[in-house]
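Descriptive structure summary
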Amino acid sequence: MVRIRVLVVDDHRIFAESLAAALAAEPDVDVAAAGSGPAALRCLERGAAEGRRFDVMLVDADLGASAAVPVARVVPEGGGADGLIDGISLVAGVRAGQPAVRTVVLAEKDDPRRAALALQAGACGWVAKDCSLQRLLAVIRGVLRDETHLPPALLTGVLRELTAARKHRTESERLVESLTPREREVLRCMVAGLGRKAVAERLFLSPHTVRTHMQNVLGKLGVHSTLAAVALARRAGVGPVDLAGDVVERGGQLA
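Residues numbered from 1 in each chain as written. Predicted model: local features only at pLDDT ≥ 70, side-chain atom pairs only at ≥ 80, totals over all residues. Heavy atoms only, no water.

**A closer look at unusual backbone geometry**
For Asp146, which is not glycine, the phi dihedral falls at a positive 70°. Here Asp146 shows up in the loop between α6 (133–143) and α7 (152–177). Positive phi outside glycine occurs at Phe204, with the angle close to 55°. The residue Phe204 is located in the loop between α9 (196–203) and α10 (207–221) in this model. A relative accessible area of 75% means that Phe204 is categorised as exposed. (Helix = DSSP H or I, 4+ residues; strand = E, 2+ residues; numbered from the N terminus. Buried < 20%, exposed > 50% of the residue type's maximum accessible area, 1.4 Å probe, protein only.)

**Side note on the pairing of strand β5 (residues 125–128)**
In regular strands, side chains alternate between the two faces of the sheet. Inspection of the sheet shows strand β4 (residues 102–107) paired to β5 by four bridges, in the parallel sense. Note that in β5 the partner of Ala107 across the bridge is Ala128. The β-α-β motif built from β4, the intervening helix α5 (residues 112–121) and the parallel element β5 has right-handed crossover chirality. (Pairing = 2+ DSSP bridges. Right-handed = clockwise from strand over helix to strand, strands pointing away.)

**Notes on the pairing of β4**
In terms of residue burial, β4 counts as a mostly covered element, since six of its six residues are buried. In β4, alternate side chains face the same way, and those of Arg102, Val104 and Leu106 on one face and Thr103, Val105 and Ala107 on the other are all buried. Bridge count for strand β3 (residues 56–60) against β4 is five bridges, and the pairing is parallel. Looking at β4, one finds that Leu58 is bridged to Val104.

**Details of the confidence of the model for the protein**
A residue-level look at the protein finds 82% of positions with pLDDT of 70 or above and a mean pLDDT of 80. Highest mean pLDDT in the protein belongs to strand β1 (residues 4–9) (95); lowest belongs to helix α3 (residues 71–74) (32). The model gives residues 66–84 a pLDDT under 50, and that stretch makes 33 contacts with residues more than four places away or in other chains. Predicted confidence for residues 245–255 stays below pLDDT 50, and this span has 27 contacts to residues more than four positions away or in other chains. (pLDDT = per-residue confidence, 0-100. Contact = heavy atoms within 4.5 Å.)

**Comments concerning α6**
Of the positions making up α6, those classed as buried are Leu136, Leu137, Val139, Ile140, Gly142 and Val143. In this structure, the buried residues of α6 make contact with β1, α1 (13–24), β2 (29–34), β3, β4 and β5.

**As for the packing of helix α8 (residues 181–191) against helix α11 (residues 226–235)**
Interhelical geometry of α8 versus α11 gives an angle of 105° and a closest axis separation of 9 Å. With respect to α11, the element α8 is oriented roughly perpendicular. Contacts between α8 and α11 involve Leu187, Met190 and Val191 from the first element and Thr226, Ala229, Val230, Ala233 and Arg234 from the second. Grouping the amino acids of the contact of α8 with α11 by side-chain chemistry returns six nonpolar, one polar and one charged. (Axes fitted to C-alpha atoms, helices over the stretch in contact; angles between N-to-C directions. Parallel < 35°, antiparallel > 145°, perpendicular 65-115°, else oblique. Nonpolar A, V, L, I, M, F, W, Y, C, P; charged D, E, K, R; others polar.)

Set out below in structure tokens:
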């Protein structure tokens, strides 16, 4: 019998243990539970190192609800920090680090916007926490067949959110493409949070020249503030320069 290895990630201990026990009663399911994002990453890493990789991860949508910190910033290479990681960031981190693991988000309420964000981060499904065990098992087995599972009531809202996000990204990409190479460098520095003086030092330019470039960037992007320019850059897939000296790239795009 082929066994399915499932990792339940929820910071509500009673819920996590109850769900794990219910799933473990199935003859073809092995279950482990983790109470935080970093703990989940350690479980995944340990399973991979021991040749017992997890197949599916069930993640609480409200995991670490007080934090919205990217996985890379709270978990060092050894996976040792116990800082908080929100559910969608955990999904994205696992998608990047262990793409073979299917992730399903467990939510207390339907939310088209957050469900769309979860799918964009790499989740294969969004399921109500109060769904039946049989429904959850069907989703677990379904995502292993490369299916995507959403509640029917969410489909229209999620499609609307994904379409809007794609439209905004396309427009943002077009605007960024209008920048000169030097202006794109300045924009990446702005995304990194560097001020005019720091940008000037990094690019070996005078502060006056940097000011001109920044004004040109704002004008071409059609925005009136650095914050608005950074938000647009993020939508277009442009991210910060690596402050160690190199531009960070992700998936063939600037990260």
